[in-house]
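Remarks on the overall topology
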Amino acid sequence: MQTNRLSKTIEKALNNQVTTEAFSSQMYLMLACWADEQKLDGIKDFMMKHSQEERVHMAKIIEYIQERGGTVTIEAIEKPEPQPKNILECFEAVLQQEIDNTTAIYKIVKMSMKEEDWATWNFMQWLVNEQREEEKLALDLLDKVKLAGGAKMSDTARFELNNIIRNTGQEFPVADDVNPLE
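Residues numbered from 1 in each chain as written. Predicted model: local features only at pLDDT ≥ 70, side-chain atom pairs only at ≥ 80, totals over all residues. Heavy atoms only, no water.

The protein chain appears in an unreviewed UniProt entry as Ferritin from Weeksella virosa. Per UniProt, the protein chain carries the Sequence similarities (unreviewed entry) text "Belongs to the ferritin family. Prokaryotic subfamily." Quoted verbatim from the Subcellular location (unreviewed entry) field of the UniProt record, the comment on the protein chain reads "Cytoplasm". (UniProt positions renumbered as here; feature names shortened; annotations may be inferred.)

**Re helix H3 (residues 87–114)**
For H3, with 28 residues, the first-to-last C-alpha span of 41 Å sits near the 40 Å given by 1.5 Å per residue. Between the side-chain oxygen at the start of H3 and the backbone nitrogen of leucine 88 there is a gap of 3.1 Å, and the oxygen is on asparagine 86. Positive phi appears at glutamate 116, one or two residues downstream of H3, with a value of about 55°. (Helix = DSSP H or I, 4+ residues; strand = E, 2+ residues; numbered from the N terminus. Expected span 1.5 Å × (residues − 1). Polar contact = N/O pair within 3.5 Å; in protein donor to acceptor, adjacent residues only side chain to side chain.)

**A few points about the UniProt feature "binding site: Fe cation" (unreviewed entry) in the protein chain**
On the UniProt side, "binding site: Fe cation" (unreviewed entry) is annotated at positions that read Glu21, Glu54, His57, Glu98 and Gln131 here. The largest pairwise C-alpha distance within this set of annotated residues, which runs over 111 residues, is 12.9 Å, so the set is compact in three dimensions. Mapped onto the elements of the fold, glutamate 21 is located in helix H1 (residues 8–37). In contact with glutamate 21, other than residues within four places in its own chain, are Glu54, His57, Met58, Ile61, Asn101, Ile105 and Leu127. Look past the residues within four positions of glutamate 54 in its chain and what remains in contact with it is Glu21, Ser24, Ser25, Tyr28, Glu98 and Asn101. (Contact = heavy atoms within 4.5 Å.)

Laid out in structure tokens, this is it:
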């Protein structure tokens, strides 16, 4: 009896998404370490929270593959590079990473529609919603960085921006509801 309810193509795509989420987590960790070296503790804390959120996404996808009878394959991830030279580059990297992640998620959604795998399509909707929120947040923060002076911001602007980002709401209702961390 066939117990794997995922096609080979969707199973592979979901496993690739596990790797993408792991890479995203590492990217945020790299940015957190960079921020710490720059004495930007508010930005560091923000990036650490986002790194954890990406691991939550990864775990949920793993759980879904297993629930559907598939096989999870953990692959090596690339080293996130390059380290940013300034806050502008840091938040440009955040936005690009979120856009890349959204693109990968949309491919799985499209694939699940084509294969009429409605369970996967339904599962992926929480990630679609999460990515919409993530891209909006990344765009908002990038706008704040640009308003503060971008790559050439003053030390005062840098200090104030770090505090603004520290106080930015970092609740992730979609991810937190799906897999609450205790």
